[in-house]
Structures are given as structure tokens and as C-alpha cells.
Amino acid sequence: EETLPGLLTFRRCQAGKLVARPYLVEDVTTNRSVLAGVMAVRQTQMDRDRPLYVEFHGALSDKLVMAQRFERAVGYVESCAAALQVASADAALFAEGMNPTSWRFVSNAAGARLLVAGSKPIRFAAKDLATPVVDGATKIYDAWSRLDGGSIRIEITEQACVDPGAETAFGARAVVRSGSRVFEGCAAKF
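1. Some words on the pattern of salt bridges
Inspection of every chain in the model, using the stated rule, returns nine salt bridges. Across the pair arginine 146 and aspartate 128 runs a salt bridge whose closest N-O atoms are separated by 2.7 Å. Taken together, the positions of arginine 146 in the loop between β12 (138-144) and β13 (151-163) and aspartate 128 in the loop between β10 (122-124) and β11 (133-135) put the pair 18 residues apart, joining distant regions of the chain. Of the residues examined, arginine 146 reaches a relative accessible area of 60% and is grouped as exposed.

What follows is the structure in C-alpha cells.
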């Protein structure tokens with residue numbers, strides 16, 4: 001809920017239910033990405049009276065929640081019980097997009113895979129993506145698939161990334177290069 005311009009209140013989802021107690025949000029994320037994501041989704045929402053479902057990492061005190069890392073904001077979740085989990089809880093990296101075609105990249109302790117519509121998945125060992133190179137606000141992962149052949153370069157930049165068609169904003173922008181193909185989208189786990 002927007003109380004005043006630039007200020008947000010937050011109510012937690014706990015055990016599938018909305019907790020009645022509100023908290024004031026202090027957005028200390030990179031570039032105030034929680035606020036940017038919420039505002040971007042509000043602009044694309046079909047029903048602007050509906051509350052947003054927002055995921056972020058932070059610290060909770062008696063009256064304040066300090067948002068430290070934004071993951072996503074969704075404008076179409078009807079209730080806490082209906083909240084959609086975008087990636088498995090153990091995912092270390094999760095990115096997806098529709099440019100130039102539907103694609104998804106998921107990495108966890110068991111391994112990683114790039115899924116592109118109409119193509120065979122490309123699998124990678126998790127250890128190959130364990131340590132990114134950090135260039136400013138961008139994390140860069142380079143790997144070679146020993147299982148399926150092919151290289152991958154993933155660039156994750158922490159900034160609000162909007163998918164207006166889905167009424168969703170994510171905490172990072174993702175660019176994936178696989179061989180000569182380039183895919184662009186957003187990341188929720190990074």
C-alpha cells in the first residue's frame with residue numbers, strides 16, 4: 001500500500017494468511033528497487049485497487065521492515081494462500097524471459113539448466129556457476145556444459161526489471177548468451 005509518495009507499508013504472508021499488523025518499509029535496496037518495482041507494477045496493473053504481493057530479503061523489527069534485496073512484485077495474486085512461487089526454494093539463480101523466445105535458467109546445488117522453447121535443455125554442473133565475476137552492480141557467470149556441450153554467459157544486474165504483460169517486476173535484469181544466441185529477461189533469484 002502506498003501511504004505517502006515514496007513510502008510503503010507491508011503486511012506479511014504467514015502460513016498462507018495475511019498478518020493484520022502493518023510495518024513501514026525502509027527500502028535500502030540497490031537503487032531503491034523495491035519501491036521502483038512496486039511503482040512499475042502499479043503502472044501496469046489492470047486493477048489498481050488490488051494489493052501487491054512483494055518478495056524481498058530484509059530485517060523485521062517491531063514497527064519497521066528494512067528491505068535489503070528485492071526479488072519480485074506481482075500485481076495479480078489474489079491472496080497469500082494463492083501466492084505463486086516463481087522458483088524452487090533451493091534455487092541459487094533463477095531468470096526467465098520472452099526475448100527473443102520463451103526461456104528459463106535455473107541453478108541449484110544439484111546443477112543448472114537453460115531451457116529454451118523448442119530446444120533441448122543445456123545442463124551445467126553447479127560448481128561451474130559457483131563464483132561469479134563482479135563488475136559494479138553486475139554478476140557475470142561463465143560456464144561450459146560438460147554434459148551437453150556449449151558455453152553460457154549470464155549477466156545479472158541488480159535493478160528493477162519489469163514484465164508488464166505479467167504485471168510483475170523482478171529484482172534484477174538478466175542477459176544470457178548461449179553460443180551465438182542472446183536472451184534477455186529478468187531474474188528473481190540471484
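Now, onward.
2. Here we look at the packing of aromatic side chains
A complete count under the given rule lists two aromatic pairs for this structure. Ring geometry for tryptophan 103 against phenylalanine 183: centres 6.2 Å apart, planes inclined by 45°, an arrangement best described as tilted. Residue tryptophan 103 is located in strand β8 (residues 103-108), and its partner phenylalanine 183 is located in strand β15 (residues 181-189); the two are separated by 80 residues in the primary sequence. For the pair tryptophan 103 and phenylalanine 183, one class covers both residues: buried.

3. Structural notes on the nonpolar core
The biggest cluster of nonpolar side chains holds 21 residues, and the ones touching the most others in it are Trp103 and Phe105. When contributions to this core are tallied by element, the ones reaching two or more residues are β7 (93-99), β8, β9 (111-116), β10, β12, β13, β14 (168-178) and β15. When sequence neighbours within four positions are dropped, the list of residues in contact with tryptophan 103 reads Ala95, Glu96, Gly97, Met98, Leu114, Leu115, Val116, Ala174, Val176, Phe183, Glu184 and Gly185. Of all hydrophobic cores here, the second largest spans 16 residues; its members include Phe10, Val38, Phe56 and Val65.

4. Considering the state of the cysteines
Taken as a whole, this structure holds two disulfides when the rule is applied. Between cysteine 13 and cysteine 80 runs a disulfide, and the two sulfur atoms are separated by 1.9 Å. Taking the sign of the torsion about the S-S bond as the criterion, the disulfide between cysteine 13 and cysteine 80, at about -75°, is left-handed. In this pair, cysteine 13 is assigned in strand β2 (residues 13-14) and cysteine 80 in the loop between β6 (64-74) and β7, connecting sequence segments 67 residues apart. Here cysteine 161 engages in a disulfide with cysteine 186; their sulfurs sit 2.0 Å apart. Measuring handedness by torsion sign, the sulfur bridge of cysteine 161 and cysteine 186 sits at about -70° and is left-handed. Placement of cysteine 161 in strand β13 and of cysteine 186 in strand β15 is noted, with a sequence separation of 25 residues between them. Using a relative accessible area of 10% as the deciding quantity, one classes cysteine 161 as buried. In the protein chain, the bonded cysteines, taken in the order they occur along the sequence, pair up as 1-2, 3-4.

5. Considering helix α1 (residues 33-44)
Across its 12 residues, α1 extends 16 Å between first and last C-alpha, which sits within 8% of the 16 Å expected from 1.5 Å per residue. Every buried residue of α1 is listed here: Ser33, Val34, Leu35, Gly37, Val38, Ala40, Val41 and Arg42. Against β1 (8-10), β4 (23-27), β5 (53-60), β6, β13 and β14 lie the buried residues of α1.

Cut-off values and rules
- Residues numbered from 1 in each chain as written.
- Predicted model: local features only at pLDDT ≥ 70, side-chain atom pairs only at ≥ 80, totals over all residues.
- Heavy atoms only, no water.
- Salt bridge = Lys/Arg side-chain N within 4 Å of Asp/Glu carboxyl O.
- Helix = DSSP H or I, 4+ residues; strand = E, 2+ residues; numbered from the N terminus.
- Buried < 20%, exposed > 50% of the residue type's maximum accessible area, 1.4 Å probe, protein only.
- Phe/Tyr/Trp six-rings, centres within 6.5 Å; stacked < 30°, edge-to-face > 60°.
- Core = buried A, V, L, I, M, F, W, Y, C linked by side-chain atoms within 4.5 Å.
- Contact = heavy atoms within 4.5 Å.
- Disulfide = S-S within 2.5 Å.
- Expected span 1.5 Å × (residues − 1).

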